[in-house]
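Spelled out from the first residue to the last, the chains are:
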Amino acid sequence: MKTKIALLTLAILFAGTRLQAGTFANITIDGDFSDWASVPVALTDANESFSKDLNQIFLANDATNLYIRITFNQATNPNDGGGLYLAFDNDSNAATGYDVYGLGLVGSEAAY
């Protein structure tokens, strides 16, 4: 399970290097996803039937914030201890920041 989450995290990180900038949008963090209606899907992942299997990732931004919406292929429980680790390599330099999973591929300056 941890291996699957690690691979998904790396997929997100590598996808981030290939994706275009997010769509400019006014997103309000309030549980209502209607303000995401005009934001296109940035990445779709195949359904592999894992408990935290990603379905789609959406990216949006305004003048000061980056917004990330992640949907899953099945219902997930954020309190089950598995978690989802997001790492951001802000300067695209693997030599700086935290070496995610010790693979020398990403230098994460921020994580959640």
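Above this text sits the structure in question.
I will try to describe carefully the structure that is included in this document. Each chain carries its own residue numbering, running from 1 in the direction its sequence is written. Only residues with pLDDT of at least 70 are given local features in this predicted model, and only at 80 or more are side-chain atom pairs given and counted; all residues enter the totals for whole chains, interfaces and linings. Derived side-chain values reflect all non-hydrogen atoms in the structure, with water molecules and hydrogen atoms excluded from consideration.

Examining the overall build of the chain
A run of H or I in DSSP counts as a helix once it spans at least four residues, and a run of E counts as a strand once it spans at least two, with each numbered from the N terminus. Per the secondary structure count, the chain includes one helix and eight strands. Ordering the α and β elements of the chain from the N terminus gives α-β-β-β-β-β-β-β-β. Relative to its 112 residues, the chain shows a buried fraction of 26%. Computed with a 1.4 Å probe, the accessible areas rest on the Shrake-Rupley method; for each residue, only the protein chains presented here act as cover. Roughly 7,000 Å² of accessible area belongs to the chain as shown, and the carbon and sulfur atoms make up 55% of that amount. Partly exposed describes any residue whose relative accessible area lies between the buried limit of under 20% and the exposed limit of over 50%, with all areas from a 1.4 Å probe on protein chains only and scaled to the type maximum.

Examining the side chain of Thr71
Within the element layout of this structure, Thr71 appears in strand S4 (residues 66-72). Whether two residues are in contact is decided by their heavy atoms: any pair within 4.5 Å suffices. Here Thr71 is in contact with Leu54, Asn55, Gln56 and Phe58, once residues within four sequence places are set aside.

Concerning unusual backbone geometry
One non-glycine residue, Ser92, adopts positive backbone phi at about 55°. Inspection of the secondary structure puts Ser92 in the loop between strand S5 (87-88) and strand S6 (98-99).

Details of the packing of aromatic side chains
Pairing of aromatic rings covers Phe, Tyr and Trp, the last through its six-membered ring, and needs centres within 6.5 Å; plane angles under 30 degrees mean stacked, over 60 mean edge-to-face, and all others mean tilted. The final tally for this structure, using the stated rule, is one aromatic pair. Ring plane angle 65° and centroid distance 6.4 Å describe the contact between Trp36 and Phe58, whose orientation is recorded as edge-to-face. One end of the pair, Trp36, is in the loop between strand S1 (23-24) and strand S2 (41-44); the other, Phe58, is in strand S3 (residues 54-61), and 22 residues separate them in sequence. Of the residues examined, Trp36 reaches a relative accessible area of 7% and is grouped as buried. A cation over an aromatic ring shows up here: Arg69 above the ring of Phe58, its NZ or CZ 5.1 Å from the ring centre. By definition, being over a ring means that NZ of Lys or CZ of Arg is both within 6 Å of the ring centre and within 35 degrees of the ring normal.

Thoughts on the pairing of S3
The pairing criterion is simple: DSSP has to find at least two bridges between the two strands. Strand direction decides the pairing type here: S1 and S3, joined by two bridges, are parallel. Residue pairing for S3: Thr23 is matched across the bridge by Ala60. Strand direction decides the pairing type here: S2 and S3, joined by three bridges, are antiparallel. Among the inter-strand pairings, Leu43 is bridged to a residue of S3, identified as Ile57. By the bridge criterion, seven bridges tie S3 to S4 in an arrangement that is antiparallel. Bridge assignment links Ile57 to a residue of S4, and that residue is Ile70.

Structural notes on a nonpolar patch on the surface
Patch rule: a residue counts if its relative accessible area is over 30% and it has no salt bridge; like charges are joined within 9 Å, and nonpolar side chains (Val, Leu, Ile, Met, Phe, Trp, Tyr) within 5 Å. By definition here, a salt bridge exists when the distance from a side-chain nitrogen of Lys or Arg to a carboxyl oxygen of Asp or Glu is within 4 Å. Taken together, Tyr101, Leu103 and Leu105 make up a surface patch of nonpolar side chains, about 280 Å² in accessible area. Note that Leu103 resides in the loop between S6 and strand S7 (107-108). Note on Leu103: relative accessible area 47%, which makes it partly exposed.

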